[in-house]
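Residues per chain are reported as follows:
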Amino acid sequence: QVQLVESGGGLVQAGDSLRLSCAGSGRTFSSYDMAWCRQAPGKERECVAAISRSGISTYYADSVKGRFTISRDNAKNTVYLRMNSLKPEDTAVYYCAAGYSSGTYYIRGVKPDYWGQGTQVTVSS
């Protein structure tokens, strides 16, 4: 099992950038594919970025491709989400997640196994 704690959310303007961080506990952090998922008010939770255990492979939802970058540092048990060119429709609670499946499945709708508490990102127009 892994515990996940997100940080870095906040209020920004459209076009701004933001970086989210997720610190994982435990010595098995590198055993999981990781994902960043989000939930906007009235909408279902969706995973928008995922990364393989080694960090070599990354996967993105079409809505964020070219704007968001996921990365990880297994030595620090941390995964990041760099968000550029933010839009008001990116406003959501962002969750860090870990799972045993390949990250590509999380982008397709499979839910990861472990979740953080979430951090709010608000983008004003």
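Just above sits the structure.
Rules used throughout
- Residues numbered from 1 in each chain as written.
- Predicted model: local features only at pLDDT ≥ 70, side-chain atom pairs only at ≥ 80, totals over all residues.
- Heavy atoms only, no water.
- Phe/Tyr/Trp six-rings, centres within 6.5 Å; stacked < 30°, edge-to-face > 60°.
- Helix = DSSP H or I, 4+ residues; strand = E, 2+ residues; numbered from the N terminus.
- Pairing = 2+ DSSP bridges.
- Axes fitted to C-alpha atoms, helices over the stretch in contact; angles between N-to-C directions.
- Polar contact = N/O pair within 3.5 Å; in protein donor to acceptor, adjacent residues only side chain to side chain.
- Contact = heavy atoms within 4.5 Å.
- Buried < 20%, exposed > 50% of the residue type's maximum accessible area, 1.4 Å probe, protein only.
- Salt bridge = Lys/Arg side-chain N within 4 Å of Asp/Glu carboxyl O.

> Lay out the packing of aromatic side chains with the relevant residues and their values.
As enumerated under the stated definition, the model contains 4 aromatic pairs in all. For the pair Tyr32 and Tyr100, a centre-to-centre distance of 5.3 Å together with 50 degrees between the ring planes defines the contact as tilted. Placement of the pair is Tyr32 in the loop between β3 (18-24) and β4 (33-39) and Tyr100 in the loop between β9 (92-99) and α1 (103-107), with a sequence separation of 68 residues. Measuring from ring centre to ring centre gives 6.0 Å for Tyr100 and Tyr114, while their planes differ by 70 degrees; the resulting arrangement is edge-to-face. Taken together, the residues span a long stretch of sequence, with Tyr100 in the loop between β9 and α1 and Tyr114 in strand β10 (residues 114-115) at a distance of 14 residues. Grouped by ring-pair contacts, the aromatic residues Tyr32, Tyr100 and Tyr114 constitute a single cluster.

> So what's going on with the sheet that holds strand β8 (residues 78-83)? Which residues, and what values?
One open sheet holds the 4 strands; their spatial order is β1-β3-β8-β7, and the pairing between them is antiparallel. The open sheet has two free edges, formed respectively by β1 (4-7) and β7 (68-73), since each of these has just one partner strand. Taking the axes of each pair of neighbouring strands and ignoring which way they run, one obtains an average angle of 15 degrees across the sheet. Pairing of β1 with β3 involves 4 bridges; the strand directions are antiparallel. The partner of Leu4 across the bridge, within β3, is Gly24.

> Tell me about the side chain of Asp90, and please be specific about residues and values.
Along the polypeptide, Asp90 turns up in the loop between β8 and β9. A polar atom in the side chain of Asp90 sits 2.8 Å from the side chain of Arg67. In contact with Asp90, not counting residues within four places along its chain, are Arg38, Arg67, Phe68, Ser85, Val121 and Val123.

> Please provide a residue-by-residue account of the pairing of strand β11 (residues 119-124), values included.
Residues Thr119, Val121 and Val123 of β11 are buried on one face, while the alternating residues Gln120, Thr122 and Ser124, pointing to the opposite face, are not. Direction of pairing for strand β2 (residues 10-13) relative to β11: parallel, over a ladder of 4 bridges. Across the sheet, residue Val12 finds its bridge partner in β11, namely Val123. Bridge count for β9 against β11 is 3 bridges, and the pairing is antiparallel. Paired with Tyr94 across the bridge in β11 is Thr119.

> How would you summarise the pattern of salt bridges if you had to cite specific residues and measurements?
Applying the stated criterion to the full structure yields 5 salt bridges. Between Arg53 and Asp33 there is a salt bridge, and its shortest N-O distance comes to 2.5 Å. With Arg53 in the loop between β5 (46-51) and β6 (58-60) and Asp33 in strand β4, this pair connects stretches of sequence that are 20 residues apart. The salt bridge involving Asp62 is made with Lys65; its shortest N-O contact spans 3.2 Å. Note on Asp62: relative accessible area 68%, which makes it exposed. Linked through salt bridges whose partners overlap, the residues forming this network are Arg38, Glu46, Arg67 and Asp90.

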